[in-house]
Every structure is written in C-alpha cells, then in structure tokens.
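For reference, the chains in residue letters:
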Amino acid sequence: MSIVDRLEDSICQALKDAAFQAREAGELDFEQLPDFVLEVPRDKSHGDYASNLAMLMAKEARKPPRLIAELLVKHFRREGNWVAEVEIAGPGFINFRLDPGWLYQALPLAEEQDTAYGRSNAGQGRKVQVEFVSANPTGLLHMGNARGAALGDTIANLLDAAGFYVEKEYYINDAGNQIENFGKSLEARYLQQFDQDVPFPEDGYHGEDIIDTVKNIIKRDGDKYLNMDSSLRREFLVKYALEEKLAHIKGVLERFGVNYDVWFSEQSLHDSGAVEAAIRELDANGYVYEKDGALWLKGEELGLEKDEVLVRNNGLPTYYAADIAYHRNKLERGFTWMINLWGADHHSHVARMKAALKALGYDPEQLTVVVMQLVRLFSGGEIVRMSKRTGQYITLSDLMDEVGKDAARYFFVMRSHDSHLDFDLDLAKEESGENPVYYVQYAHARICSILRQAQEEGISTKEASRCNLALLTHPSELELLRKIADFPVLVREAALALEPHRLTRYAGELAGLFHNFYTHCRVLNSEPELRDARLSLVNGVRITLRNLLTLIGVTAPERM
RNA sequence: GCGCCUGUAGCUCAGCUGGAUAGAGCAACGGACUUCUAAUCCGUAGGCCGCAGGUUCGAAUCCUGCCAGGCGUGCCA
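Residues numbered from 1 in each chain as written. Chains lettered and ligands numbered in written order. Predicted model: local features only at pLDDT ≥ 70, side-chain atom pairs only at ≥ 80, totals over all residues. Heavy atoms only, no water.

If you check the domain split of chain A, you get domain 1 (3–99) and domain 2 (432–552). The distance between the C-alpha centroids of domain 1 and domain 2 comes to 32 Å. Each partner contributes residues to the interface: domain 1 has 6 residues there, and domain 2 has 6 residues. In total, domain 1 and domain 2 occlude about 430 Å² of area from one another, counting both sides; carbon and sulfur atoms represent 48% of this. It is Val4, Asp5 and Lys44 that lose the most area in domain 1 upon contact with domain 2, and together they represent 71% of the buried surface on that side. Remark: the boundary between domain 1 and domain 2 carries 2 salt bridges. The closest approach of N and O atoms between Glu479 and Lys44, which form a salt bridge, is 3.7 Å. (Domains from an automatic or database assignment. Contact = heavy atoms within 4.5 Å. Buried area = accessible area lost by both parts, 1.4 Å probe. Salt bridge = Lys/Arg side-chain N within 4 Å of Asp/Glu carboxyl O.)

Written out as structure tokens, the structure reads:
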C-alpha cells in the first residue's frame, strides 16, 4: 500500500471514529455515516486535505454543518496520521494540515522498490486480456491503428503495473469477405503485372503496397499462377500476401515497442468449428431463428435496435458470428475481463457484442470496449489529407520515420481516448520544450547529468534512509516529494479507469516541478548534508520519471 | 429520424465517484544565463465551462430539452 493510501485511510478512519464518539457522547445523531470524501483542495491555503463529511451529515443530524464540523474536530484523534492542524472553513469543510515528515517516506520507498516503484496489487492477479489494433492484414497500419497501438500497449502496461495478469492479443481478420476481396485485388494486380487489361474490383484495396506484394510474388514464383484456375490462383496469392502483410505489421509494431503475447487467427475459429458451436449455443438458449434463408440473432429481445444476421443466406457466417465465437473463446481461456480497443467507426458493435455475451449466459460487464475517436494529422497548420480510395495515407511506419517512436507514442497517449486527436507533426518533431516529450525526457537527462557529476566528483551516494531528509523544506522540494508519493496512486487509478492520458499529464507536471526545483535549488554546491538529501530527492524523481516513461513506452535518455 | 462521442482561455486539451475564487501547455506580452544541460525558469494578460431549465447547502461535473460538430445506423468489417 502506498504511503498516500495509508495516510488517507488513517485520516478517514479517525474522522469516522470522531463521528461515532460524538454520537456516543450524545452530541450527534445519525443512523449511518454518509459516503464522504477526503480530497486535496485546489487551493493550498485550505491545507493538505479537506473533507466534506460535516456538510453531508447536516441533513440527517439536523444541525448546521459548521457545528457538526466542530464536534468532529473535538473528537478527532491525531495519533498516527501526521495531522498537525485541523480547522473548519467555508460552509463546513474540515481542513487538515500535515506534518511534512510524512512525505519523506516516499524517497526510501522509491529507492528501495526502484523499477517496481509505482506497482501495486490492486488487480490481485485477475486475468485480463487487452486486444488492440487487430487491423485487417490486407494493408498497412494507419493513424487510427497507431493510436490504438499506443493506447492499447500502455493500458496493458498499466494493468500489469496495477497487479493484473495481462495478455496482449492481436485478432487477425484472415477470413470472410475482406479476404475474398483481397484475393480479387491481388489477382487483378498480379495479372496487370503481365500486361493483362483486367479491371480493378470496385471495392478493392487500392493501396500501392499490394502492387509491391505481387511483384514479390513474381520475383519468387514467376508466372506460376498466370494460367491457373482463378479461385486456386487467388488462394495462393492470398496465402502469400497474408504472410507478408502480417510479418510487416508485426515488424512495424515491434519497432513501435509493441509486443503481443498472442496472434489469434479468425480463420482458426471457422476451422475448429468454434463459430458453429457458438451459434448452436445461442440457438440452444433460444436466441436464434431462421428467416429468408439466413440465421438471425434475436437482437431486439436482447435490447438491441434490431435483430442481426449470424449466417447469411449463402451459408457464410458474418463477422459478428465469428466475433461472438472469438469472445466466447476468450472467456473459455479464463479471462475474466476483456478489454477491446476499437475505432469510433465500430462503436455500434459494442452493444451487439455485449448482447451476444448476455445471450451466451455471460456477464456483459466482463467486456470493456475502449472506443477511440479519430486522429487528424496536422502539418504546417494544415490538415494532412488522407484518401482511403486511392490508398494514399501516412502509415505508422512513415510516422516513426518522421517523428520517432517516442514522440509518436507520447502524442497518441496524451489525449483522452474519447477525444479527437489532432496530431501536430511539426510539434512532434520540435526539439525544444514546446514538445512535451522532450520536456519530460530533458528532466530525466538533467537528473542523470547531476548524478553523473556527483559520481565524477567522488561524492558517494547515500541511501535515502540515511540522509537528513528533513532538510528538504523548499516549496519546490515539498511539491516534488508530494508528486513522487502520488505516483503509485496515479498508476492504480489510471489503470482501473483505463485512462493512459493521466500518465502524460502527470509526467508534464512532475517534469515541471523538477525544472522549477532545478532553477531554485542547487544540488552539488550545497552543504554536504543538504546535498545528500537533494541527491536522494533527485534520484527519487529519476526513478519515478523513468518508470513513468517506461509505462508509456518512451525511452528515458541519460543525455540529450 | 434514432443511437454513441464531443462542445471549457486565441489554439490544443485536463478537470477523478458534484465541493471552496475554473486549470495546464502553446501562442501574446515582460523578465532571468560568471554557478549541477536556457531542450530551462519566473511573472502578466486571457473564461456567460455551447444555450435554457431542473435536482441541492453547493453543478463545468448529475437529470431534461434545445443548438453545433464527428461517427454509426449493411446478409461490410
């Protein structure tokens, strides 16, 4: 448990005890304590913590909030919770001022836990799966996929740090219509390479990349597929192209710092009969009927807007049916929490997926879909136009060439997932503090520089617990300590909320506090005792920054 | 039409389960380098929190209606 949690728990407990004691003394009347909060006030003059308990009790106790606050304060016990002062303010807030001593505990803790600082056991080993990107293996990764990759990977990192057992998975859509389509497109490009005048399929894949793919095929196998039955030819072409595309996607994601535990093939669900089995189970549960030669799911009965097709009248199961089988498979593998990252264009699928889980007898709450809004690229203040029709777009690979992995990952995580993301290419390339990534990385590099020089000057680093940390009294030092102490709470809460953007926000704040400290406090030229305490502080910031950047998938450079 | 998301400073966005006087970064303006990396720091200015009601001690936050933008509303995925 983090020192912040411990502190907050003990103050809350003392508040509750105070209320019960007041009741015992016959001064206060209530049945049950309301759900009150203990929070950090915006305004520092309101102390380190404030509680609204007295105001919430006013109605039931039929006493003015300020009077209740007085009673609570009278019975409030300060032992063991670092509370130095208690005061009543405003409409009935109880404000607490703490002995700064509690903050100093953060440094020995961070130092001792080192790379584990920030981790917790909130998840208690619960088995969770994060499925993300899952782009069709028929093309290249675009900006939407890139955002999904950065967000998904960071969410997985967060959950891992919060004590969950996490597996990352990529669902390969290697079946169904789009593969059919892919085959037609490949075939057309293939034949075109031999100067045959074949029309390109209307809904085909226009990307230039598949022209390269067929060229590679020709390089390897020549005209082997030229005089061949069309369906057989497509089968060969698709098989080759899927392998190539998938290998490419894997490579790009690896370069982006994303490594999956499982690559799951949709086709395998068809081959194993899992799709059929899922439909049978839905049927057994009474949610399936036949109409117009197709099999339908009784969506309306499950709260959907309309019924949905599971198997088309041509006998082929829909993507939906396969997805139902897929999620059933996930649950059968023992995951009790499934997290999917989907683009906003798939949001209507969320309700359908949850309805299906319900129909299978599972709790829909076991699935959380993080829906991401669209990404717009900006360059020179102008939107970079992308065309799906012509296949002209900036890929994740291009983006990394342009701005680097660190900036790309940081920028994608910076915004809340349900907010549109304007990605400023110029800013991401900028090597200055205007670029939020550099700003944070620079703080880390500066710290490393100080520690390096200390070492060069032969200053031996002392353990935090052996330093006189009470010498750290400058406001910028206290704020830094407070921020470091908060880190484990931040990680836990960002994980449970599935909100990685809290990390980048915190990163900017922590780096800012450090830069401020840096200009106001000297480390190496201070008196030895103070110097050692500050070295310890700076080291605590280093550990926190490094762990933080690691969660985001961004490097923490020692020099810049 | 219906469903989901969004609307907060000039721009890009935070604001956790409702809490005290609404925040950050950038842009603007004014300052700070003999001293551990100026890729930095400090200060100033900037707001009917889309609009209108409601809930209550208290609303950017919850509810309802409206306005604006995005996405969706296939036997596509």
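This part covers unusual backbone geometry. Phi at Val133 takes a positive value of approximately 70°, unusual for a residue other than glycine. With respect to the secondary-structure elements, Val133 resides in the loop between strand S5 (127–131) and helix H6 (143–161). Looking at Val133, the relative accessible area reads 12%, which means it is buried. Phi is positive for Ser134, which is not a glycine, with a value near 40°. Considering the arrangement of structural elements, one finds Ser134 in the loop between S5 and H6. For Ser134, a relative accessible area of 11% corresponds to the buried category. (Helix = DSSP H or I, 4+ residues; strand = E, 2+ residues; numbered from the N terminus. Buried < 20%, exposed > 50% of the residue type's maximum accessible area, 1.4 Å probe, protein only.)

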